[in-house]
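Architecture and fold: a report
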Amino acid sequence: MTRPNSKIAQEVAMRRTFGIISHPDAGKTTLTEKLLLFGGAIQTAGAVKAKKAQRHATSDWMAIEQERGISVTTSVMKFNYRDYEVNLLDTPGHQDFSEDTYRVLTAVDSALMVIDSARGVETQTEKLMAVCRMRNTPIITFINKLDREGMSPLDILSDIEEKLQIECVPMSWPIGMGKRFKGVYNLYKKEISLFNPGEDSKPKDVITVKDLSDPVLDTLLGSQADELREDIELLEGAASPLEMRHYLSGSQTPVFFGSAINNFGVRELLDAFVEMAPAPSPRATTTRMVSPEEESFSGFAFKIQANMDPAHRDRIAFVRICSGKFTRGMKVMHHRLGKEITISNATIFMAQDRSHVDEAWPGDIIGVHNHGTVKIGDTFSAKEPLKFTGIPNFAPEIFRRVILKNPLKLKQLQKGLTQLAEEGAVQFFRPVNAPDYILGAVGSLQFDVTMHRLKAEYSVDAIYENVNFGVARWIRCEDPKKFAEFEKKHSHNLARDAEGHLTFLTTTEWQLGFVEEQWPDVVFLKTREAD
Ligand code: G4P
């Protein structure tokens, strides 16, 4: 890595901030653990899973998570690898929390996609990929579980290309799979890495071959040598070479093969990742692009997490630094509130711990303690009023009406729902002509968590009632007269969201289409930028 001149440019150049996208069970946790082992952030395998279990035991509302055996939380893990500082933003695998995952993806500079070789592209990966495409996030692909029988490598690649509309460029190629898995051939270095189950590859397991006709191949691989030769010949005719600009714009993905559980192919993946993946990139605001190398500090909150420490009932806003240097005790402008705040006790997250941070740089994530003053999407900067864009609210797809068991708890309900909506845990809507609270979510587990937290944290006893809504759209109209007409005609379908934005609620997409046709001047939006 050539070192740029200024201190900030140096710090930026050595940072890699990324997330892993995958369908549950593809091996994200296993791969995360191996990456952390290489980064020296943990010492023993099993620590990430153990940490998960410990979190279950200590956090009360996460009892839900424990019951269902899924991970609800998102955490940030920082580790060093070679000259690089790597920030890995973990994402909840369960699709009911996909909104959270979408927002985490707004804070990364690139992503690693893990695919199970037996299952190919699965639904959750497709959804996450669609989000990555919104921001042209560069993606490196890891095809996992080669130690098991799976689809043929060519079939996996065409599955990815077809379903995800991204061109695959294999960087390595597997030699057999399942019981016949011998290792991978690195197409660029012309090296064979031999597979020894359960062991990290040692230098002796990496064999350089002059070219594919090298007889050493036959000695090492027996009859599989010719299979490899045929595969590579086929590939060379079909695959395009990797072009960095295509990778960086998200239209090509370099592909690696391996087995996370056996630690096979992981080091190669990590080496390629730190070398290829982009350093923190410029970010758009409503007024201009902000370069990470600007001296002046800026950042935005992409995630709020409550009850990280149940003893303190705290809320932590995860802030992605976009430019400048952060120092402890720094005063920054909280632009939505129009006031200056001092960030005295920011936290940085290591794999197994969190510690106070004295300084941090673009690409780093800091945790800012707050008592309800930070919302997702909030921007902090030194002086200039900035507002980072691209942090979306997604229209919910399922709805419930909240019925209080004790009507005297209305105030607590209001407070609880407002805070939960600020965290992005759930959305709520107040119909314009009824005093109801309608909750909206993308996945039904969000409702369970909301009810659990309302009771545990706000002493609100409530139940849900089904409502006849299945679609929500935020609405806008340039023509006030037409809008007034629309509002009058459809008042029973109108509600205000937590931030007061007018929303159209209806039963089905079909019904929505019908109304859209009738009111061409009204715009119906599926996503809304955070205020
Ligand atoms: P996730 O976070 O993406 O949901 O997946 P996770 O890493 O938890 O892995 C899902 C399952 O796949 C686990 O098995 C894990 O051990 C297994 N796995 C991960 N990588 C590989 C691999 O390279 N080869 C094979 N054969 N299996 C792999 P499990 O039985 O569900 O859990 P556990 O009892 O092993 O923890």
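Structure first, text after, so check above.
Residues numbered from 1 in each chain as written. Predicted model: local features only at pLDDT ≥ 70, side-chain atom pairs only at ≥ 80, totals over all residues. Heavy atoms only, no water.

At D25, a position not held by glycine, the phi torsion is positive, near 85 degrees. Mapped onto the elements, D25 comes out in the loop between β1 (15–22) and α2 (28–38). By relative accessible area, D25 is classed as exposed at 70%. For S459, which is not a glycine, the phi torsion comes out positive at approximately 50 degrees. (Helix = DSSP H or I, 4+ residues; strand = E, 2+ residues; numbered from the N terminus. Buried < 20%, exposed > 50% of the residue type's maximum accessible area, 1.4 Å probe, protein only.)

On to the environment of A301, then. The residue A301 is located in strand β14 (residues 298–306) in this model. Measuring from C-alpha to C-alpha, the distance between A301 and R103 comes to 9.6 Å, with 198 residues separating the pair along the chain. Ignoring any residue separated from it by four or fewer positions in sequence, one finds A301 in contact with A317, F318, V319, V374, K375, I376, G377, D378 and F380. (Contact = heavy atoms within 4.5 Å.)

Judged by nonpolar contacts, the single largest core of 78 residues is most densely connected at I160, Y185, L228, F326 and I366. Considering every element that reaches this core, the biggest residue donor is strand β15 (residues 315–323), with six residues. Of the domains in this structure, domain 1 (20–70 + 91–276) and domain 2 (283–381) are the two that each give at least three residues to this core. Once residues within four sequence positions are removed from consideration, I160 is found in contact with M113, I115, V121, T141, I143, Q165, I166 and C168. Counting 29 residues, the second largest nonpolar core, distinct from the first, contains A26, L31, L35 and F142. (Core = buried A, V, L, I, M, F, W, Y, C linked by side-chain atoms within 4.5 Å. Domains from an automatic or database assignment.)

Attention now moves to the packing of aromatic side chains. Summed over the entire model, instances satisfying the criterion amount to 19 aromatic pairs. Between W173 and F257, the aromatic rings sit 5.4 Å apart at their centres with planes inclined by 75 degrees, giving edge-to-face as the arrangement. A residue pair is termed long-range when its members are at least 10 positions apart, and W173 in strand β7 (residues 172–175) and F257 in strand β11 (residues 252–257) qualify at 84 residues. No difference in accessibility class separates W173 from F257, as the two residues are buried. For the ring pair F181 and F264, a centre distance of 5.6 Å and an interplane angle of 90 degrees mean the geometry is edge-to-face. Linking F181 in the loop between β7 and β8 (183–186) with F264 in the loop between β11 and α11 (266–276), this pair joins segments that are 83 residues apart in sequence. Like F264, F181 is buried. Stacked on the ring of Y437, the Lys or Arg R430 has its end atom at 3.7 Å from the ring centre. (Phe/Tyr/Trp six-rings, centres within 6.5 Å; stacked < 30°, edge-to-face > 60°. Lys NZ or Arg CZ within 6 Å of the ring centre and 35° of its normal.)

In this section: the sheet that holds strand β2 (residues 76–81). Read from one edge to the other, the open sheet built from seven strands follows the order β2-β3-β1-β4-β5-β11-β6, with strand pairing classed as mixed. Bordering the open sheet on either side are β2 and β6 (167–170), each of which pairs with just one other strand. Averaged over all pairs of adjacent strands, the angle between strand axes in this sheet comes to 30 degrees, irrespective of strand direction. Bridging between β1 and strand β4 (residues 110–116) involves five bridges; their strand directions are parallel. The partner of S22 across the bridge, within β4, is V114. (Pairing = 2+ DSSP bridges. Axes fitted to C-alpha atoms, helices over the stretch in contact; angles between N-to-C directions.)

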